[in-house]
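One letter stands for each residue in the lines below.
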Number of protein chains: 2
Amino acid sequence: MTTDKLPTRSENFSEWYNQLVIKAELADYAPVRGCMVVRPYGWALWENIQQALDRRFKATGHVNAAFPLFIPMSFLEKEKEHVEGFSPELAVVTIGGGEKLEEPLVVRPTSETIIGSMYSKWIKSYRDLPVLINQWGSVVRWEMRTRLFLRTLEFYWQEGHTAHATAKEAEDETLQMLNIYADFAITDAAVPVVPGVKSEREKFAGAVRSTTIEAMMGDTRALQAGTSHFLGQNFAKAFDIQFLDWNNQLEYCWTTSWGLSTRFIGAIIMTHGDDQGLVLPPRLAPIQVVIVPIYKNDEEMGRVLEVAERVKKELGAFRVKLDDRKELTPGFKFNDWELRGVPLRVEIGPKDVQNGTLALARRDMPGKAGKSFVPQANAAVQVGEMLETIQASLFERALAFRKANTSEPESYEDLTRAVQKGWALSWWCGGAECEAQVKEDTRATTRCIPLDQQGGEGPCIVCGHKSSRKVIFARAY
Amino acid sequence: MTTDKLPTRSENFSEWYNQLVIKAELADYAPVRGCMVVRPYGWALWENIQQALDRRFKATGHVNAAFPLFIPMSFLEKEKEHVEGFSPELAVVTIGGGEKLEEPLVVRPTSETIIGSMYSKWIKSYRDLPVLINQWGSVVRWEMRTRLFLRTLEFYWQEGHTAHATAKEAEDETLQMLNIYADFAITDAAVPVVPGVKSEREKFAGAVRSTTIEAMMGDTRALQAGTSHFLGQNFAKAFDIQFLDWNNQLEYCWTTSWGLSTRFIGAIIMTHGDDQGLVLPPRLAPIQVVIVPIYKNDEEMGRVLEVAERVKKELGAFRVKLDDRKELTPGFKFNDWELRGVPLRVEIGPKDVQNGTLALARRDMPGKAGKSFVPQANAAVQVGEMLETIQASLFERALAFRKANTSEPESYEDLTRAVQKGWALSWWCGGAECEAQVKEDTRATTRCIPLDQQGGEGPCIVCGHKSSRKVIFARAY
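Residues numbered from 1 in each chain as written. Chains lettered and ligands numbered in written order. Predicted model: local features only at pLDDT ≥ 70, side-chain atom pairs only at ≥ 80, totals over all residues.

Along its length, chain A carries 14 helices and 25 strands. The C-alpha extent of chain A, read off along each of the three principal axes, is 80 × 60 × 45 Å. With 477 residues in all, chain A has 49% of them scored as buried. Looking at chain A alone, contacts between residues at least 24 apart form 68% of all its contacts between residues at least 6 apart. (Helix = DSSP H or I, 4+ residues; strand = E, 2+ residues; numbered from the N terminus. Buried ≥ 20, exposed ≤ 12 C-beta atoms within 10 Å, placed from the backbone. Contact = placed C-beta atoms within 7 Å.)

What follows is the structure in structure tokens.
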């Protein structure tokens, strides 16, 4: 709780973000370099994200389990691209119980290897397939430049790991989970993501093909908000995950993995936030409605609080907080809850008590435009509708912003300018050299080849070779 | 899924336990020494335990958060008893991102120190108090002799950490959380625990006073199933957690911590399990009801499955599984679900289709005694009542077992015999020497001084000095 003003987003987007995360008490810096503490308000948001995803995972037949934090170093070395991708980022336990370990243990950066070793033990026959397991937990990657939620040494996520009898089934699973991420992002977080395929250069270390949902932040940079990987038989071969098929032939499984992390909280902050602070989508907000009582003296206070308590009870179907802190003014409380992004504020003063009314103030429309007055009698219905309106309006606004900041450059020169102030959607031949050229010239990378292609063909924006698919180039988090 | 028979409990309780955990697919050995994989069936049980506890935590004003996995070595050294207690058990990260770390990082064995350092930053005034935070996660203790769920290098738990303005408030919190654990154990797990206070020798490293819930396992040994600690100002002084009180005086906070772990799954297995396998309490069972269709040919199968599907739908308020695996006989399925401890089995055969009936079979009463026939029309009500009956009956049985195996020895010689086959409740002077004597002679330790004392006084069972409280001596897990 602080009264220092945030920098505005146009002034300094990056400082706006850093200060907002701290001031809204979503997270804090831990005393270990690069690590974060997710504070109760931030964790409540994560718990809502967890429930929204977990429900979808279970509805599609997935179950949760828990695999160890520690992985023998030798396991990582079994998949060549995987170890190359992750070895610069490992935290290594070398001492246990006061003794030097014979084989160092890696703190998991991701769990394909340890889970693969268990699948090899559990899977014997096609009857055991598919195996559809998810895990909620944290992983560690030794990042040098860290930012709260966006990139920390330890972060929280879920990682799904599945094994299948056929390549088709594994590819369908990869796509199904990508669609679940997209549906969650759009429906619950009001974040209009673009699902697509990663380039060879940007894919997961060890995958055959990586898919992603990409979101545009308030500064027009892209953020990879969730990924789903088709791993082919790479890990099955490295960990000997074999099964007897219908013809009693021993075959390698086809596997997938998919993950979404606390990074998504960063996406929510930077998609919806404004210069007053957070703006949280109602479906995920830890507090959906805050009631602020307004009074001048003790006599008024008594009457107002009585109504406020009753309204709170009537709004029992929502996540409601009555802010009855006595030492603070209503104005202070308004600012405080705006900073924290509570979607809807209910104000109750002596006149409202007299008239049987409430004032509603929308977080997404500050000022008069977002204010309305409703009868107390009908509060629950009105509030429910208002929250749905806010949810829809946040999505529409973010989608309009993304569209307004996405261009289709006509020339390479256009492209280099376009990626300085937004996303560029361009024909691309698929060549790694063209991709590298853009990165070198602009620092923009290929974000994804959107699944939704309009068809047709055109010249690669870099080399001019004919191409039939467009890619998004953008600077990214 | 395996048909090898379990050893009986009387034959070899320890092997019965080890094999049961594996065969019922609750957990498996990980490829890292002393670590476990919690398989989906075991994790679903843990998720139900989590929900039962989390609901109680939130109802009493607690919120969840997440603190880092890594703790600077120097933090642990700030509280003298704490570091002495934990340093033999630490896993230490010495390498990060390919470089030797300047200060090694400990993988948390418990989080008092790192959380204390954050509380010191967050807490400024009495207005910030109390702080009531819980964390779900895993911790690591480098144990040499490990057993699935009971003692593993990494285990899953929740740890609550609270800070208060007065000693009284912190002591009340300690007791409140102990009562929550006891209520959960009794009401949801049907495990009749004894809440009490730990001796100085057995208390948590760094606590002023530790309280515990102790449970009797099927071999009469005791298992510490949850603990709640009053930490006094020990950690507040070590981490400088100070606040300005109502008189603007700077004071140290009073703190508590409390935890319950996946060890509790071991308690459930060893309290209720029988020679056929697990017996899970209905309130926590991942599958409460399994429906097994019985038929001889395809024609019968069609009719039976149609009813089975309908009954499954009607039992939608419960966690129901319809076992329609075609390659397995009903007898095999009966054994399989008995091994997995599903509380209630519904059998549906061609006669049931004809007569509109169902056969119900209680897991806690194998054979005819536990079998009944009910009309399909009323299935949901009948099943609901039956599950409640099973829940109550498991508790009564476990309580009767504990009473039957708890004695009040008259002499020291009696005591040494009593602890070989059960618990001994005895007057105890509170002296560490008497406690040590019993341990040396019998390997039994003081489990707790029960909160519920019958009053009066008598001679310490070891030294004969007058005492006004009784303690439980027992061999323990």
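The next subject is the confidence of the model for chain A. Taken residue by residue, chain A gives an average pLDDT of 96. The fraction at 70 or more is 99%. Scored as a complex, the prediction yields pTM 0.97 and ipTM 0.96. (pLDDT = per-residue confidence, 0-100.)

Contacts between the two partners involve 42 residues from chain A, matched on the other side by 42 residues from chain B. Broken down by element, the residue count for the side of chain A that touches chain B peaks at six residues, all from strand 5 (residues 91-96) of chain A. Its residues assigned to classes, the side of chain A that touches chain B comprises 30 nonpolar, seven polar and five charged. Across five bridges, strand 5 of chain A lies against strand 5 (residues 91-96) of chain B in antiparallel orientation. Residue pairing across strands places Ile95 of chain A opposite Val92 of chain B, the latter belonging to strand 5 of chain B. (Nonpolar A, V, L, I, M, F, W, Y, C, P; charged D, E, K, R; others polar. Pairing = 2+ DSSP bridges.)

All names here are of chain A. Strand order in the open sheet made by the 11 strands is 3-7-8-14-11-10-9-22-25-21-20, with mixed pairing throughout. Pairing within the sheet leaves two strands with one partner each, and these edge strands are strand 3 (63-64) and strand 20 (406-407). Pairing geometry for strand 7 (residues 131-140) and strand 8 (residues 154-164), over 10 bridges, is antiparallel. Note that in strand 8 the partner of Gln135 across the bridge is Glu159. Along the sheet, helix 6 (residues 167-187) contacts strand 8, strand 9 (194-197), strand 10 (209-216), strand 11 (222-230) and strand 14 (254-261); its crossing angle with strand 11, the most-contacted strand, is approximately 155°. (Axes fitted to C-alpha atoms, helices over the stretch in contact; angles between N-to-C directions.)

Another point: helix 12 (residues 379-404) of chain B. Taking 1.5 Å of rise per residue, the 26 residues of helix 12 of chain B would be expected to cover 38 Å, and the 37 Å separating its terminal C-alpha atoms lies within 8% of that figure. For helix 12 of chain B, every residue scored as buried is listed here: Ala379, Val383, Met386, Leu387, Ile390, Gln391, Leu394, Phe395, Ala398 and Arg402 of chain B. (Expected span 1.5 Å × (residues − 1).)

So, about the environment of Gly85 of chain B. Residues and elements named next belong to chain B. In this structure, Gly85 sits in helix 4 (residues 80-86). In this structure the C-alpha to C-alpha distance between Gly85 and Gly206, which are 121 residues apart in sequence, comes to 8.2 Å. Setting aside residues up to four positions removed in sequence, Gly85 forms contacts with Ala205 and Gly206.

So, on to the sheet that holds strand 20 (residues 406-407) of chain B. Across a sheet, strands are paired by hydrogen bonds formed along the backbone, either parallel or antiparallel in direction. Spatially, the 11 strands line up as an open sheet ordered 3-7-8-14-11-10-9-22-25-21-20 (chain B), and their pairing is mixed. Two strands in the sheet have a free side with no partner beyond their single neighbour: strand 3 (63-64) and strand 20 of chain B.

Residues and elements named next belong to chain A. For strand 25 (residues 470-474), the buried fraction is high: five of the five residues fall into the buried class. Of the two faces of strand 25, the one lined by Lys470, Ile472 and Ala474 and the one lined by Val471 and Phe473 are each fully buried. The pairing of strand 21 (residues 423-427) with strand 25 spans four bridges and is antiparallel. When the sheet's bridge partners are listed, Leu425 is paired in strand 25 with Ile472. Direction of pairing for strand 22 (residues 445-450) relative to strand 25: antiparallel, over a ladder of three bridges. Following the sheet pairing, Thr445 is matched in strand 25 by Ala474.

Mapping chain A onto chain B leaves a residual RMSD of 0.0 Å; the transformation is a rotation of 180° accompanied by 0.0 Å of translation along its axis. Considering both components of the superposition, the chain copies are consistent with a two-fold axis. When each C-alpha of chain A is compared by its distance to the rotation axis, Val93 of chain A comes out closest, at 2.0 Å. Most of the interface of chain A is mirrored in chain B: 100% of its interface residues are interface residues there too. (Least-squares fit on C-alpha atoms with pLDDT ≥ 70 in both.)

Turning next to the pairing of strand 6 (residues 99-107) of chain B. All names here are of chain B. The pairing of strand 4 (residues 70-72) with strand 6 spans three bridges and is classified as antiparallel. Paired with Pro72 across the two strands is Leu105, which belongs to strand 6. Two elements, strand 5 and strand 6, share four bridges in a ladder whose sense is antiparallel. For Val92, the partnering residue across the bridge sits in strand 6 and is Val106. Taking the residues that link successive antiparallel strands as the turn, the strand 5-strand 6 hairpin has two residues, and the phi of Gly97 there is positive, at about 55°.

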